[in-house]
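# Tertiary structure, described
Take a look at the letters that make up each chain.
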Amino acid sequence: MISSLSQRPVSSPFVLETQPLPPSSHPLADPLQLQLQDIKKAKQKRGHLFYRAPMAGLNFEATYTDNHDILKIFEAEGVEFLLSSEGKVPVSECSGKVICLFFSANWCRPCRAFTPHLLELYETLRKRGINIEIIFISFDRDEDGFKEHFKSMTWLAVPFDVNLHRRLIDRYRVDRIPSFVPLCSDAITVKEDLIGCIEDYGADAFPFTRKRHEELKAMDERKREEANLEELLGHEGRDFLISGDDRKVPICEVIGKTIGLYFCAYWSPPCCAFTVQLTDAYNELKAAKGDCFEIVLISTDRDLVEFNINKSSMPWLAVPYEDRTRHDLRRIFDIKGIPALVLIGPDGKVISGNGKFMVSSYGAEAFPFTESRIRDLEAALRKEGEALPQQAEDVKHEHVLKLDMAKAYVCDSCRKQGKFWTFSCDVCDYDLHPSCLEKAN
Ligand SMILES: [Zn+2]
Ligand SMILES: [Zn+2]
């Protein structure tokens with residue numbers, strides 16, 4: 001069983017919520033006009049999708065434009081100032097800046113979940129000296145919602161005015177929220193999922209162009225292929241991992257070992273169950289082979305408290321919770337569910353993304369987790385089965401027992417755990433190790 005991991009943990013769920021208010025009070029189209037097809041599409045993407053009835057006489061070919069345009073639009077609309085948390089700001093202060101429009105609503109969960117990503121991006125870019133400005137354009141139905149939402153933002157907002165907002169929404173052809181629209185001609189469009197790109201890459205997504213997105217994807221590919229552990233597990237000057245008792249362990253100390261990147265969360269019962277199996281295999285390998293194997297926890301815990309509980313219960317190392325590395329590794333290795341175990345060989349190359357299957361099936365025996373090792377184990381198992389009878393009678397049991405394969409069972413004779421071959425009863429819940437069978441004459 002695999003817990004479904006909300007891969008973009010902050011903005012999930014991707015559920016389409018229909019709008020609770022009656023159409024008359026809604027600044028956009030009648031929600032009943034939401035078309036089935038659009039709903040389907042919206043479920044694939046994140047956020048809320050709207051059906052926008054085309055307005056007669058407007059040229060809908062016009063798409064994202066440049067800064068100059070928005071300033072002209074504000075001028076034409078009579079908008080002289082924007083809002084900041086401090087108060088009014090003259091529109092003219094935006095000129096010369098990289099302007100991005102943010103369409104969002106307080107009632108929309110994906111919007112509220114996306115806003116912290118944008119805050120991080122905004123602060124990071126400004127620290128990097130980029131002259132960026134974000135302007136919030138509200139999809140809220142009333143000023144209270146607008147004000148509440150704007151409290152979570154550190155950038156500017158167009159003052160609350162349902163009709164003006166609607167004209168801006170039409171002008172920029174926004175059909176879903178959240179929408180982030182950088183005013184440059186080669187930006188990734190809403191339909192190409194700029195929101196997802198920002199969630200994936202944070203401030204590195206800047207300047208939000210297709211070229212930048214391609215570069216980032218190529219960088220992920222290279223990191224996956226080259227698997228330079230210091231680059232993969234480190235982050236902007238952090239060159240260490242941490243142990244369960246908070247010791248800093250230099251990343252260079254794990255180079256040359258077989259590494260398991262363990263994606264797991266404290267809140268997930270399947271993770272807890274697999275952690276037990278992995279711990280057994282880890283301890284066995286440490287005892288038998290010394291220091292040639294290491295596991296690194298890549299936590300998907302919801303907060304630092306859970307992370308600390310999780311980490312301190314494990315005998316191996318962890319990537320610190322604070323920086324983006326955990327998030328980057330999930331993306332680089334395309335982790336869709338937890339628990340997951342990605343195995344990297346002593347040469348730094350990925351051996352397998354399916355370590356969970358290997359460890360849960362064969363435990364420490366699976367080491368060094370290569371395909372040929374798994375093939376050998378499977379062949380040995382087959383051979384063992386071929387040497388056993390298809391069915392047998394045992395002096396301790398009244399029914400005929402059949403040869404069967406089980407992932408895990410408890411032997412009813414010796415009471416010890418067993419796995420793979422068993423003689424089991426179809427009538428009642430009875431299992432025997434093949435070695436515990438006492439044949440009746
Ligand atoms: Zn037994
Ligand atoms: Zn029976």
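Residue positions are counted from 1 within each chain, in the order its sequence is given. Lettering for chains starts from A, numbering for ligands starts from 1, and both go in the order in which the items are written. Given that this is a predicted model, residues contribute local features only at a pLDDT of at least 70 and side-chain atom pairs are listed and counted only at 80 or more, while totals for whole chains, interfaces and linings are drawn from all residues.

Under the annotation held in an unreviewed UniProt entry, the protein chain carries the name protein-disulfide reductase and is attributed to Phaseolus coccineus. UniProt positions are given in the numbering used here, feature names are shortened, and annotations may be inferred rather than shown by experiment. Here is the UniProt Sequence similarities (unreviewed entry) comment for the protein chain, exactly as written: "Belongs to the nucleoredoxin family."

## Structural notes on the packing of helix 9 (residues 269-289) against helix 12 (residues 355-362)
As a packed pair, helix 9 and helix 12 sit with axes 9 Å apart at the nearest point and diverge in direction by 70°. Judged by the angle between their axes, helix 9 and helix 12 are roughly perpendicular. Seen from helix 9, the contacting residues are Phe274, Gln277, Leu278 and Ala281; seen from helix 12, they are Lys356, Val359 and Ser360. Tallied by class, residues from the contact of helix 9 with helix 12 come to 4 nonpolar, 2 polar and 1 charged. Interaxial angle, 0 to 180 degrees, is taken between N-to-C directions of lines fitted to C-alpha atoms, where a helix line uses only the stretch in contact. Each helix is a run of H or I in the DSSP string that is no shorter than four residues. Each strand is a run of E no shorter than two, and both are numbered from the N terminus. Any angle between 65 and 115 degrees counts as roughly perpendicular, while under 35 counts as roughly parallel, over 145 as roughly antiparallel, and the rest as oblique. With C-beta atoms placed from the backbone, a contact is any residue pair whose C-beta atoms sit within 7 Å. Throughout, the ten residues Ala, Val, Leu, Ile, Met, Phe, Trp, Tyr, Cys and Pro are labelled nonpolar, Asp, Glu, Lys and Arg are labelled charged, and all others, Gly among them, are labelled polar.

## Points about unusual backbone geometry
With an omega of -5°, the peptide bond running from isoleucine 177 to proline 178 counts as cis. Positive phi is not limited to glycine here, since phenylalanine 208 has a value of about 65°. In this structure, phenylalanine 208 sits in the loop between helix 6 (194-201) and helix 7 (210-226). Put plainly, a residue is buried at 20 or more neighbouring C-beta atoms within 10 Å of its own, exposed at 12 or fewer, and partly exposed in between, counting only other residues' C-beta atoms, which are placed from the backbone. The class for phenylalanine 208 is buried, based on 20 C-beta atoms found within 10 Å. Located in the positive-phi region is phenylalanine 420, a residue other than glycine, with phi close to 70°. With respect to the helices and strands, the residue phenylalanine 420 is situated in strand 20 (residues 417-425). Given 17 C-beta atoms within a 10 Å radius, phenylalanine 420 is considered partly exposed.

## Comments concerning the sheet that holds strand 19 (residues 400-410)
Strands qualify as paired when DSSP identifies two bridges or more between them. In spatial order, the strands read 18-19-20-21; together these 4 strands make up an open sheet with antiparallel pairing. Each end of this open sheet is capped by a strand with a single partner; those strands are strand 18 (391-393) and strand 21 (431-432). Looking at chain direction, strand 18 and strand 19 are connected through 3 bridges and run antiparallel. Across the sheet, the residue bridging to glutamine 391 is lysine 402, located in strand 19.

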